[in-house]
Amino acid sequence: MSQFYEKHIFVCENIREGENARVSCGKHNAKKIREYLKQKIKELAPERKIRVNMSGCLDRCELGPVQISYPEGDWFTLRTEKEVDQFIKYYIQSNSLESLDTLRIV
Ligand code: FES
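Please read all numbers here as calculations on a predicted model, not as lab measurements.

S.K.: Is there a simple way to explain the packing of helix H1 (residues 30-44) against helix H2 (residues 81-93) in this structure?
M.R.: The angle between the axes and the distance between the axes are what describe a pair of packed helices. With their axes 10 Å apart at the nearest point, H1 and H2 run at an angle of 45 degrees to one another. Taken together, the axes of H1 and H2 lie oblique to each other. In the packing of H1 onto H2, the handedness of the crossing is right-handed. Between H1 and H2, the contacting residues are Lys 32, Ile 33, Tyr 36, Leu 37, Lys 40, Ile 41 and Leu 44 on the first element and Glu 81, Val 84, Asp 85, Phe 87, Ile 88, Ile 92 and Gln 93 on the second. For the contact of H1 with H2, the residue count by class is nine nonpolar, one polar and four charged.

Here is the structure:
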């Protein structure tokens, strides 16, 4: 099977308003995290076909900000730039998932 992107990463940026609204990734820095992730991947792996897109709610709101990466279908919570750096190092550059256990969502 051919695939257009080597990896396609979706970062939830959904924002819920309202006093009794369920928590949402967009209220926990998701946009800034996605932009940082996209910029760092461009800098560190410009030759690779890795796409980073925003997404709407992925229904794992309480674990957010969340992202899912295809084709593997792996879920991670990325809260800080330091965690994004860790994700890039062990998921994008070396594929060492065991080093990402603290960020991984099962
Ligand atoms: S708001 Fe991000 S998963 Fe629901």
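S.K.: Help me understand the sheet that holds strand E3 (residues 66-70), please; the structure alone is not making it clear to me.
M.R.: Neighbouring strands of a sheet are bound in pairs by backbone hydrogen bonds; such pairs are parallel or else antiparallel. The strand order E2-E1-E3-E4-E5 describes an open sheet built from five strands, whose pairing is mixed. Of all strands in the sheet, those bounded by a partner on one side alone are strand E2 (50-55) and strand E5 (104-105). The sheet contact formed by E3 and strand E4 (residues 74-77) spans four bridges and is antiparallel. In the strand pairing of E4, Ile 68 is matched with Trp 75. In the packing of H1 onto the sheet, contacts are made with strand E1 (7-12) and E2, and the angle to E2 comes to roughly 170 degrees.

S.K.: Explanation requested: unusual backbone geometry in the structure shown.
M.R.: Excluding glycine, a negative phi dihedral is what most residues carry, and trans is how most peptide bonds are arranged. Cis rather than trans, the peptide bond between Gly 64 and Pro 65 has omega equal to 0 degrees. In this structure, Pro 65 sits in the loop between E2 and E3. Cis geometry marks the peptide bond from Tyr 70 to Pro 71; its omega dihedral reads 15 degrees. Residue placement: Pro 71 occurs in the loop between E3 and E4.

Reading guide: rules and limits
- Residues numbered from 1 in each chain as written.
- Predicted model: local features only at pLDDT ≥ 70, side-chain atom pairs only at ≥ 80, totals over all residues.
- Heavy atoms only, no water.
- Axes fitted to C-alpha atoms, helices over the stretch in contact; angles between N-to-C directions.
- Helix = DSSP H or I, 4+ residues; strand = E, 2+ residues; numbered from the N terminus.
- Parallel < 35°, antiparallel > 145°, perpendicular 65-115°, else oblique.
- Left-handed = near helix turned anticlockwise from the far one by under 90°.
- Contact = heavy atoms within 4.5 Å.
- Nonpolar A, V, L, I, M, F, W, Y, C, P; charged D, E, K, R; others polar.
- Pairing = 2+ DSSP bridges.

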